[in-house]
Amino acid sequence: MHQADLRLIILGAFLISASTGSVKKKQNVDIYSFYINSTVTSRYATTVITSRVANKLNESQEIQFEVKIPKNAFISKFRMVIDGKTYNGVVKEKEEAQEQYNQAVSRGQSAGLIKSVGRNLEDFKTSVTVAAFSKVTFELTYEELLKRRLGKYELLINAQPMQPVADFKMEVHIQEKPGISFLEVKGDLSTGDLADAIKTTRADKEASVTFYPSQDQQTKCKSCGEDGLNGDLLVTYDVNRQNPNGEIMVSNGYFVHYFAPSDVQRIPKNVVFIIDRSGSMHGRKIDQTRLALLRILSDLDEDDHFGLITFDSEVSLWKRELLRATEENLENAKSFVKEIRDRGATDINAAVLAGVDMISRHPREGTASILILLTDGDPTSGEINKEKIMANVKEAIGTNFPLYCLGFGYDVNFDFLTTMSLENSGVARRIYEDSDADLQLQGFYEEVAVPLLTEIQLKYPGGTNLTKTSFSLYFNGSEIVVSGQITDNSVESFTTEVIAVSKGSDVTYQDTIMTKEPSDVPPEDEDFMQRLWAYLTVKQLLERQVLLKGQEKEDEKKEALRLSLKYQFVTPLTSMVVTKPQEGDVEVADKPKEGERRKMRGMALVPKVYNDYAYDYDLRPQADMMMSSSPVFSIILGVGIFVIFVFVFVLGFFCWRRSTRRQHVSLQSTCD
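Residues numbered from 1 in each chain as written. Predicted model: local features only at pLDDT ≥ 70, side-chain atom pairs only at ≥ 80, totals over all residues. Heavy atoms only, no water.

Glancing now at helix α4 (residues 327–338). Its 12 residues give α4 an end-to-end C-alpha distance of 17 Å, which sits within 8% of 16 Å, the value for a rise of 1.5 Å per residue. If you check which residues of α4 are buried, you get N329, L330, A333, K334 and V337. Considered in projection along α4, the buried side chains sweep an arc of 135° and stay on one side of the axis. As for α4, its buried residues are in contact with α3 (284–299), β19 (305–311) and β21 (323–324). (Helix = DSSP H or I, 4+ residues; strand = E, 2+ residues; numbered from the N terminus. Expected span 1.5 Å × (residues − 1). Buried < 20%, exposed > 50% of the residue type's maximum accessible area, 1.4 Å probe, protein only. Arc of directions from axis to C-beta. Contact = heavy atoms within 4.5 Å.)

Under the definition given, this model contains 22 aromatic pairs. Considering the side-chain rings of F78 and F124, the 5.1 Å spacing of their centres and the 55° angle between planes classify their relative orientation as tilted. Remark: F124 occurs in strand β8 (residues 121–130) and F78 occurs in strand β4 (residues 74–82); sequence separation between them is 46 residues. Aromatic pair Y567 and F569: ring centres 6.1 Å apart, planes at 20°, arrangement stacked. We classify F569 as buried; its relative accessible area is 0%. (Phe/Tyr/Trp six-rings, centres within 6.5 Å; stacked < 30°, edge-to-face > 60°.)

Taken as a whole and judged by the stated rule, the model has 30 salt bridges. Measuring nitrogen to oxygen at the nearest pair gives 3.0 Å for the salt bridge that ties D216 to K220. Residue classification places D216 among the partly exposed residues on the basis of a relative accessible area of 46%. Overall, K220 belongs to the partly exposed group, its relative accessible area being 45%. Here E447 makes a salt bridge to R429, at a shortest N to O gap of 3.2 Å. Linking E447 in helix α8 (residues 437–447) with R429 in strand β24 (residues 428–431), this pair joins segments that are 18 residues apart in sequence. (Salt bridge = Lys/Arg side-chain N within 4 Å of Asp/Glu carboxyl O.)

Once that is clear, we can look at the sheet that holds β4. Spatial ordering of the open sheet is given by β5-β4-β9-β2-β1-β11-β14-β13, a layout of eight strands whose pairing is mixed. Where the open sheet ends on each side, the last strands, each with one partner, are β5 (85–88) and β13 (198–203). Adjacent strand axes in the sheet meet at a mean angle of 10° when their direction is disregarded. Here nine bridges tie strand β1 (residues 29–41) to strand β11 (residues 167–175), and the two strands are oriented parallel to one another. Bridge pairing links T41 to Q175 in β11. Set on the sheet, helix α9 (residues 528–544) makes contact with β1, β2 (44–55), β4 and β9 (135–145); between it and β9 the angle comes to about 70°. (Pairing = 2+ DSSP bridges. Axes fitted to C-alpha atoms, helices over the stretch in contact; angles between N-to-C directions.)

If you look at the biggest cluster of nonpolar residues, it comprises 56 residues, and the most contacted ones within it are F78, F138, M170, I174, L189, F211 and Y237. Here this core takes five residues from β1, the largest share from any one element. Not counting the four nearest positions on each side in its chain, Y237 is found in contact with V40, R43, L146, K152, Y153, I174, E176, I180, F182 and L183. Listed in part, the 36 residues of the second largest apolar core include F273, L330, L374 and Y445. (Core = buried A, V, L, I, M, F, W, Y, C linked by side-chain atoms within 4.5 Å.)

Now the structure itself:
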C-alpha cells in the first residue's frame, strides 16, 4: 500500500475518533438539576436560573453553562459555587472591566468580551474547570419590566439544558394587585407530550405556572431530541382594569403608576406610509412589504385618512392629499401597492419631508396623525448628511405628531433611525429579514392602529426623581408606566393627575390612595418597586443619550452609570467581571447594542441562528466551542465526519486495489 493511501485511511480514523471523543465528553457531564424560577410582582419579573452539574470523570474537565435571556432584561447577579466556595460576578464600569480583561489576555489567561445581538433573546455562556468527581452550581439572575402590547403581558422563558435532566423544574409565580383577568401558556415547550407537564392555577390576585417534565418527556417535544429540551415557554396574561385612573402602588418610599384606560372612544387617525423602493429592497423584502401593506390597508377604519409615498432617488405620491379610507379608495390604493417595484437609490430626506407636508397641509380636528417610515439602508441620494436630515425632519414636524421608523434588516443604519424617531416622539423598530417579516410589519401597525389619547401629561405632587411623564400618544392595548420617589414618607395619601386630549376634548383623571394601607407585596419582594424604578430610570436615561449633547448628556450618563452600579445591572455602561478559580482567570460580560453584529475580542464565537431573538455572552476558547456548540451543529458535524470517513475509506480501498493490480501486472510482465 502506498504511503498516501495509508495517510488517507489514518486521517479518516482520526476524524471518526475525534467525533466519538466529543460524544464521550458530553456523556461524562451530568446536569443533575436545572431550576428556572420566575417571580412577577406588579409586572416586574425577576428570574433565577440554577444549574447543578457533576463531573463524572476521574480527571478535571471544563464544564459549560449556557442560557438564553430576554433582550429587554438586565442581568443583575451571576455566581458559581465550587467545593463550597462561591465565586460572584461583580458589575463594574465598562472601562474598568476592559482594563481587567486586557490584563488577563496579556497573561495568556482565558477571557472574553461578549457582543452579539439576534432577535429577542440574549445568549449567556461561560465555563469553568471542575476537579474529578466534583460538582459546580451556576446561578444567573435577570430582571425586566414586562411591557403591555396588544392587551397582554408576555413573560418569555427559554430552556435548553443540553441534555435530559432528572430534576428539571420551571416555576412562574405572578402577583397582581388588581387581579388577573386571563392567563395563557404557549410556546414550543407547551406542545405534544410536554403539555401534560404544565400545570396552571389562578386565584384572584395570584397565578402560577409549573412545568415539571420527566426525562422521557424532555426528548419528545417538537424541537427536542436526545439533547433534551430546546425551546421557549411563553406565559401571557393581563390584569383587571376596573379603575380608569389606573393602578397606583406605594412601597418603601417609592411609587409606580400603571395607566391604561380602555373606556375611551378611539380617535380617527391620519397615517402616511413612506415606503423605500430602492434597489436594495429587491426580492423578498419588497414582496413582504407589499403583502404587509395590503393587510394594513384592509385594517383601516372608514373614518381614518391615509396616504402612500414610495421613494428611491425620486419620491412618488399615490395621491397628493390624504384620502378617507373608503372601500373605493382602499381598492385603488391596493392596486398601487401591487405595482411597487424596486429601483434606484435612497432619498430619505425628501420622502419624509413629503410625508410631513401631506399631513400638515390637511389638518383635521379631533384626529391623531402618524408618520411611518420603512427603509432598509442609508440615505444615498439627495441630502445624504444624516445630521442635516434629522434637523430638517425635526424642524418640519415640530411637536405636532410622531415619526415611527422601521429598519428592515441589518444593513440599515439603526442608530440614525432611532435618533430621528426619538427626536420626533416616536420609536424605531427593527424588522428582521425572515419568512415572517410581513407579519412583523403588520404587528407593529396593530400596536399603533387605535389611538385613544393624545398629549398626555402625568403629574405627581409630592413625587420626585420621576421617570418620563409626557407622552404624545396612548394606544389601545398598551400601557403608560411612571415611577418615582415620594419626597415625604410621613404623608398619609398620594395623589395622581393625568391630563390628556380625547377626540378633540380635554380629559382629566385624578386619584388618591392612602400610603399607609397594608401592602399586598410579600416581605421578600418589598424592594421590587425600588428596583423597578431604577430599571425604568436607567432604560430611559440610556434612551435619551442619543438626544442630548454636552454637559447635560454627560450628567445623565453619569447618573445611569451610578444606578447601574448601585443595583448591579449589566447595561451598555457596565460589564460583569467573573474571576474564576483557575489562577484568577477573568471573564467579562457586556450588554451589546441593538443591531450590533456578533463579535468578540480574544475569543472565537460560533454564529448561531435562534428561533426568535438574541445576544451572545460567550466566554469559551475557540477549540472547545467548535466541539460543543448547539445540538444542530453537533448533528451536522457528526454526519459530516461520518461522510468524510466513508469517502476516505473507499478512496483508500480503491487506491490500494489499483496499487495491487499494478504490482501484479509488473510481476507478470517480468515472468513473460
